[in-house]
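Given next are the chains, with one letter for each unit.
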Amino acid sequence: PASHQSSNLSSNLSYSREDWRRGYQSQPQESSYWITEMEGTLPPDLQGTLFRNGPGLMDVKGQRIHHPFDGDGLIAQITFAEGRAHFRSRYVRTDGYVAEQKAGRILYRGVFGTQKPGGWLANFLDTRFKNIANTNVIYWGGKLLALWEAAEPHGLDPHTLETLGLDRLQGTLPAGAAFSAHPRVDPGSPHSGGEPRLVNFGVKAGLSSSITLYEFNPQGDLVQQQTRDIPGFAFLHDFALTPHYAVFFQNPMRLNPLPFALGLKGAGQCLEFQGDRPTQALIIPRDPQMPMQTIDLPACFVFHHANAYEETDESGNRTVVVDSICYDFFPTVEPDADFLEVDFDLYPPGKLWRCELDLARNTAQRTCLSDRPCEFPSQNPSTVGQKTRYYYIATAHNVEGNSPLQAVIKVDLSTGTSQIHSFAPRGFMGEPLFVPRPGATAEDDGWVLVLTYRADRHQSALAILQGQTLEPVATLYLQEHIPYGLHGTFTPA
Ligand code: 3ON
Ligand code: FE
């Protein structure tokens with residue numbers, strides 16, 4: 001059967017390292033064509049466009065970058081219309097991309113350790129960042145925006161993917177302001193008067209930090225903005241949203257900026273996890289008049305949250321329930337380590353955890369919801385901020401240990417059961433995206449779209465799985481491979 005309970009080949013690797021590595025080859029080519037090679041049939045009611053972002057270049061004309069997170073953003077677009085699918089890919093023409101392609105060499109340092117050639121002296125006191133626009137791409141208020149968390153978004157033409165330049169969101173963002181790559185869409189809650197809202201944040205990190213929260217209406221107009229000061233250095237990649245709160249997990253990280261300033265390491269390599277300090281849940285009311293609350297949790301590291309919701313008891317006391325992918329610790333990235341040689345066993349696997357934040361008692365209770373290594377959670381967009389029954393998450397093929405993402409797991413939170421669809425041994429994947437079927441009433445009535453890398457063909461393929469069974473509905477083969485990506489969105493037609 002296509003979906004089955006997980007097989008555990010614990011001592012057997014579910015993949016070969018050579019296969020996994022080849023999915024990281026640079027893809028300098030940009031494309032535009034109708035997809036002709038397909039298995040299965042496209043669901044006629046799947047209409048709209050999938051946009052994805054991720055690093056496309058692991059080198060600048062042969063000079064290797066240090067880590068994929070430093071790679072220039074390559075946008076992939078797959079449009080479904082009238083039973084056909086069209087593929088387009090294009091690099092975001094950031095100033096840095098344009099300058100480096102013209103020069104034919106690395107001109108900027110990267111946050112994750114990419115250095116200009118010439119040793120520490122060439123990098124000494126150079127703290128300029130290259131806005132690589134590589135982490136997410138969203139469509140909101142009639143604009144397509146490529147996002148990278150440490151700077152402003154780039155506007156793109158939603159049809160041609162042509163880069164329109166930095167977009168400061170009608171003057172909302174001052175020059176150089178951070179705008180995270182993890183906005184959330186509130187599908188409409190009492191706080192927003194029932195209207196959908198795009199909520200996002202920007203972090204100003206330093207010895208003490210601040211979070212600015214922005215809320216935009218469907219036209220893209222700013223309807224609310226607030227800034228909260230938070231003590232200490234903050235590395236915040238994502239947040240969770242409920243009708244009344246924005247919730248952040250402040251990882252217990254210390255930044256030692258010296259090796260970065262001296263030109264020895266990237267800023268992201270100067271982060272140090274401090275397991276003797278708590279992770280702190282920062283619960284920021286969306287109402288700017290209300291005070292922020294902080295609740296300590298056992299030390300853990302979080303990049304991504306799945307979802308959060310509120311529960312209120314008879315006496316009106318609120319609990320905020322937050323589901324996140326948690327790591328036991330964050331390994332400091334060694335300056336000389338080659339990411340292609342990574343020893344997966346030295347990295348802790350991310351797992352799905354639930355954290356119940358009792359706002360009246362100021363206490364937290366944590367439970368692990370799934371034992372599988374996983375990353376990139378997704379859900380039905382209409383249940384964001386509400387109690388949700390299903391998550392679709394990228395997972396490793398094997399339960400034990402840590403290895404590349406090769407399967408989709410569907411977690412049923414009400415029964416505690418799960419289903420898996422695996423692309424192992426020669427398929428690898430990134431973020432799965434759940435797309436509801438138009439007119440559906442069941443939460444899992446829809447499809448899971450996931451871009452996979454097929455090592456046997458050295459090509460990528462979009463897999464469309466049935467949301468209820470994880471049965472494959474269609475596989476659309478691209479003519480080329482797209483390196484493992486980060487995040488994206490589906491925009492219904
Ligand atoms: O100096 C400070 C520290 C710092 C690291 C402040 C700062 C904002 C400049 C900063 C920059 C952070 C950035 C630019 C973070 C970018 C993150 C990024 C591009 C990707 C993160 C991905 C996360 C995950 C979990 C990816 C998983 C991937 C796989 C499992 C493999 O497919
Ligand atoms: Fe992310």
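Scroll up to find the structure.
Presented here is a report on the structure given in the accompanying data block. Since this is a predicted model, take the numbers as computed values, not measurements.

Let us now look at the packing of aromatic side chains. Under the definition given, this model contains 29 aromatic pairs. Seen in terms of ring centroids, F201 and F248 are 4.9 Å apart; in terms of plane orientation they differ by 85 degrees. Their pairing is edge-to-face. Taken together, the residues span a long stretch of sequence, with F201 in strand 13 (residues 197-204) and F248 in strand 17 (residues 245-250) at a distance of 47 residues. Neither residue differs from the other here; F201 and F248 are each classed as buried. Among the aromatic side chains, those forming a connected cluster through ring pairs are Y15, W20, Y24, F339, F344, F428, Y453 and Y484. Of note, R84 hangs over the ring of W34, and the distance from its end group to the ring centre comes to 3.6 Å. The ring of Y390 is capped by K410, whose NZ or CZ atom sits 4.4 Å from the centre of that ring.

A separate point is the site of ligand 1. Around ligand 1, 21 residues are found, and the nearest of them are F69, T135, E149, F303 and E375. Contact with the protein chains covers 86% of the free accessible surface of ligand 1, which is 800 Å². Within the residue set of the shell around ligand 1, elements represented by two or more residues are strand 22 (301-312) and strand 26 (374-378). Residues belonging to the shell around ligand 1 are distributed by class as follows: 14 nonpolar, five polar and two charged.

Donor atoms from the polypeptide that coordinate the iron ion (ligand 2) comprise H182 (NE2), H237 (NE2), H304 (NE2) and H487 (NE2), at 2.0 to 2.1 Å from the metal. Of note is the iron ion (ligand 2), whose four donor atoms meet at the metal with angles of 93 to 161 degrees in an arrangement that counts as irregular. Binding-site remark: the iron ion (ligand 2) is held by donors from one chain whose sequence spacing is H-x54-H-x66-H-x182-H. Placement of the pair is H182 in the loop between strand 11 (163-166) and strand 12 (184-186) and H487 in the loop between strand 34 (472-477) and strand 35 (488-492), with a sequence separation of 305 residues. Like H487, H182 is buried.

Calculation rules
- Residues numbered from 1 in each chain as written.
- Chains lettered and ligands numbered in written order.
- Predicted model: local features only at pLDDT ≥ 70, side-chain atom pairs only at ≥ 80, totals over all residues.
- Heavy atoms only, no water.
- Phe/Tyr/Trp six-rings, centres within 6.5 Å; stacked < 30°, edge-to-face > 60°.
- Helix = DSSP H or I, 4+ residues; strand = E, 2+ residues; numbered from the N terminus.
- Buried < 20%, exposed > 50% of the residue type's maximum accessible area, 1.4 Å probe, protein only.
- Lys NZ or Arg CZ within 6 Å of the ring centre and 35° of its normal.
- Near = heavy atom within 4 Å.
- Areas by Shrake-Rupley, 256 points an atom, 1.4 Å probe, with all protein chains shown as cover.
- Nonpolar A, V, L, I, M, F, W, Y, C, P; charged D, E, K, R; others polar.
- Donors = N, O, S within 2.8 Å, 3.2 Å for Na, K, Ca; no water.
- Tetrahedral: all angles 85-135°; square planar, octahedral: opposite > 155°, others 65-115°.

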